Amino acid sequence: MTEENGQPKMQPGFKPANKRGAARLGAVQALYQMDVGGTGLLETTTEYETFRLGKEIDGETYREADNQWFRAILAGVVENQKTIDPIIRQSLTDDWPLSRLDSTLRAILRAGVYELTQRSDVPVAVIVSEYVDIAKAFYTEDEPKLVNAVLDRVARRTRNEGRGKDRN
């Protein structure tokens, strides 16, 4: 994965399927920007809603996003990060601490865990599928599998749903 214009570079041809999917992708990119660039929540939210979500950038038109969903994910991750990060750590193997993951992968996992733990109105399968798809937009190796495994473990622990084996 490489970086372009201060953003993680996506694989060619990736477009989220719907407004919530676009909001999730935008939230992951904004969380990445906040992590790497140290920008604040309000500044980042304003920038994305004004200049990125549903806009044309460098000749590519970004799909219109559900701005309310985008804001909810972004604010939710920021407000709950002190509980989200330990949940992620618990779902990673001991040889892969959260600090070892790159910023994009951390952003994907944080957003996914936020939705799994705080948005019981959204089905587990939708959350896991959407964030695995986002991981596939940025990575060609094993990262999407890692996102799937971590989110599945979190779903099993927090919602008593999921497919994989739980790590003790």
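Residues numbered from 1 in each chain as written. Predicted model: local features only at pLDDT ≥ 70, side-chain atom pairs only at ≥ 80, totals over all residues. Heavy atoms only, no water.

Chemist: Looking at this structure, how should I read the confidence of the model for the protein?
Modeler: Interpretation of this model should avoid reading the predicted coordinates in detail wherever pLDDT is low. Of all residues in the protein, 86% attain a pLDDT of 70 or more, and the chain-wide mean is 87. When the elements of the protein are averaged for pLDDT, strand 1 (residues 3-4) gives the smallest value, 58, and helix 4 (residues 103-118) the largest, 97. (pLDDT = per-residue confidence, 0-100. Helix = DSSP H or I, 4+ residues; strand = E, 2+ residues; numbered from the N terminus.)

Chemist: I keep staring at the environment of proline 86 and nothing clicks. Help me out?
Modeler: On the secondary structure map, proline 86 appears in helix 3 (residues 67-91). Spatially, the C-alpha atoms of proline 86 and leucine 98 are 8.9 Å apart, while their sequence positions differ by twelve residues.

Chemist: Can you help me understand helix 2 (residues 41-52) in this one?
Modeler: Count 3.6 residues to each turn of an α-helix, and residues three or four apart come out pointing the same way. The end-to-end C-alpha distance of helix 2 is 15 Å, a good match for the 16 Å that twelve residues give at a rise of 1.5 Å each. Within helix 2 the residues assigned to the buried category are Thr44, Thr45 and Tyr48. In a view along the axis of helix 2, the buried residues occupy a sector of 100°, so they form one face of it. Looking at helix 2, the residues exposed on the side facing more than 90 degrees away from the buried face are Leu42, Glu43 and Phe51. (Expected span 1.5 Å × (residues − 1). Buried < 20%, exposed > 50% of the residue type's maximum accessible area, 1.4 Å probe, protein only. Arc of directions from axis to C-beta.)

Chemist: Can you help me understand the pattern of salt bridges in this one?
Modeler: Working definition: two side chains of opposite charge can pair if their charged atoms are close together. On inspection of all chains with the given rule, the structure shows nine salt bridges. Taking the shortest distance from any N to any O, the salt bridge between glutamate 115 and arginine 24 comes out at 2.7 Å. One end of the pair, glutamate 115, is in helix 4; the other, arginine 24, is in helix 1 (residues 19-37), and 91 residues separate them in sequence. For aspartate 35, the salt bridge goes to arginine 106, with nearest N and O atoms at 2.8 Å. You can see aspartate 35 sitting in helix 1 and its partner arginine 106 sitting in helix 4, a full 71 residues away along the chain. Note on aspartate 35: relative accessible area 34%, which makes it partly exposed. A cluster of three or more residues bridged by salt bridges with shared partners is formed by Arg24, Glu115 and Glu130. (Salt bridge = Lys/Arg side-chain N within 4 Å of Asp/Glu carboxyl O.)

Chemist: Explain helix 4 to me, please; I cannot follow it from the model alone.
Modeler: In this model helix 4 runs 22 Å from its N-terminal to its C-terminal C-alpha over 16 residues, within 8% of the 22 Å that 1.5 Å per residue would give. Most of helix 4 is tucked away, with 14 of its 16 residues classed as buried. The N-cap residue of helix 4 is aspartate 102: its side-chain oxygen and the backbone nitrogen of threonine 104 are 3.0 Å apart. (Polar contact = N/O pair within 3.5 Å; in protein donor to acceptor, adjacent residues only side chain to side chain.)

Chemist: Before we go on, may I ask you to explain the packing of helix 1 against helix 3 in this structure?
Modeler: The packing of two helices is summarised by the inter-axis angle and the distance between the axes. In contact at an axis separation of 8 Å, helix 1 and helix 3 are set at 40° when each is read in the N-to-C sense. The handedness of the crossing between helix 1 and helix 3 comes out as right-handed. Contacts between helix 1 and helix 3 pair Arg20, Ala23, Arg24, Gly26, Ala27, Ala30, Leu31 and Met34 from the former with Trp69, Phe70, Ile73, Leu74, Val77 and Val78 from the latter. Looking at the contact of helix 1 with helix 3, its residues break down into eleven nonpolar, one polar and two charged. (Axes fitted to C-alpha atoms, helices over the stretch in contact; angles between N-to-C directions. Left-handed = near helix turned anticlockwise from the far one by under 90°. Contact = heavy atoms within 4.5 Å. Nonpolar A, V, L, I, M, F, W, Y, C, P; charged D, E, K, R; others polar.)

Chemist: How should I be thinking about the side chain of arginine 110 in this particular structure?
Modeler: Mapped onto the fold, arginine 110 is located in helix 4. Apart from residues lying up to four places away in sequence, arginine 110 is in contact with Asp35, Val77, Gln81, Ile84, Asp85, Ile88 and Leu98.

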